[in-house]
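Residues per chain are reported as follows:
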Amino acid sequence: MRVRQFLFARRSPLACSNVADSRALLNYRHPFTSKSERKAAKKAAKRSQLLVDLQEADRNLFRSGKLQPYEFEETRVIAERAWECYRAYTGKQLFPLGDITDVPRALWEAPLACVVVCMNKPVATLNEQGNGTVNTDGSSDSSKYVYVNQVACKVLEVASFAQLLGSSSTLPSSLPRAKPFETRYNKKLRWGERELTLLSAARWELEIGGAASLGVAYAFSKWELGDGTLCSPNGLQLKPLMSANDVWG
């Protein structure tokens, strides 16, 4: 009898320490009592694992730049939130959509530069402009890129968005609570050896109805290079006026 109880206890997730426990084992039922239920549970587990594997495969393709931001679920969510928040703050569209219904793809192909940065490391304080601590190399302790569109890649002269995502940004990742939306924002921007100044940019917090913020979005269509050249997304460049010293040496 003891051998039988011991073997039964080994097969069951219940512990058998006394006679009362051994009697309880007689009423024990496996959570899936029928063969069909056990079969359905195995199928569900396989589907769940398959979904995890597919998500990881997509993530690897995205990191390698083979999957565009409008094709990857995580960056699609960020793009949609950026669009919705801008419209919530202004009552307007960031740019005319027309008949387009795929907002993430439209933002990727937009005629303006758009980036989203989020907090990488917490900073001790923010100044009145909402700017975090900036290192001597120009990188911000608090910011990293989590979204960039096609024009932004051209502005920063990178071959692929994958080079930017996850890298440090000199753009603030937080805004003053009393000022979650701002226009006419100018800011020096650096990535690697590339330096320029955003001109009259819009920036806004990606937060709706008290939901956790996904970061701060920046949109701009004018920027200035280090030599004073003014640029726009359509390729137009306006060189600074020459001074008398430039003309006569």
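Structure shown above.
Reference entry: report on the structure contained in this document. (Residues numbered from 1 in each chain as written. Predicted model: local features only at pLDDT ≥ 70, side-chain atom pairs only at ≥ 80, totals over all residues. Heavy atoms only, no water.)

Tallying each qualifying case throughout the model produces seven salt bridges. Across the pair Glu109 and Arg105 runs a salt bridge whose closest N-O atoms are separated by 3.1 Å. Judged by relative accessible area, Glu109 falls into the partly exposed class, the value being 44%. Between Lys179 and Glu182 there is a salt bridge, with its nearest N and O atoms 4.0 Å apart. Sharing partners across several salt bridges, the network here consists of Arg76, Glu80 and Asp102. (Salt bridge = Lys/Arg side-chain N within 4 Å of Asp/Glu carboxyl O. Buried < 20%, exposed > 50% of the residue type's maximum accessible area, 1.4 Å probe, protein only.)

Right, let's talk about the pairing of strand β5 (residues 216-220) for a bit. Counted residue by residue, β5 has five buried out of five residues, so it is predominantly covered. Residues Val216, Tyr218 and Phe220 of β5 are buried on one face, and the alternating residues Ala217 and Ala219, pointing to the opposite face, are buried as well. Sheet analysis places strand β4 (residues 194-205) next to β5, joined by four bridges and oriented antiparallel. Looking at the pairing, Glu205 lines up with Val216 of β5. (Helix = DSSP H or I, 4+ residues; strand = E, 2+ residues; numbered from the N terminus. Pairing = 2+ DSSP bridges.)

Glancing now at the nonpolar core. Residues Leu94, Phe95, Tyr145, Val148, Leu196, Trp204 and Leu206 are the most contacted members of the largest nonpolar core, which totals 52 residues. Not counting chain neighbours up to four residues away, the residues in contact with Leu206 comprise Ile78, Arg81, Ala82, Cys85, Val116, Ala212, Ser213, Leu214, Gly215 and Ala217. (Core = buried A, V, L, I, M, F, W, Y, C linked by side-chain atoms within 4.5 Å. Contact = heavy atoms within 4.5 Å.)

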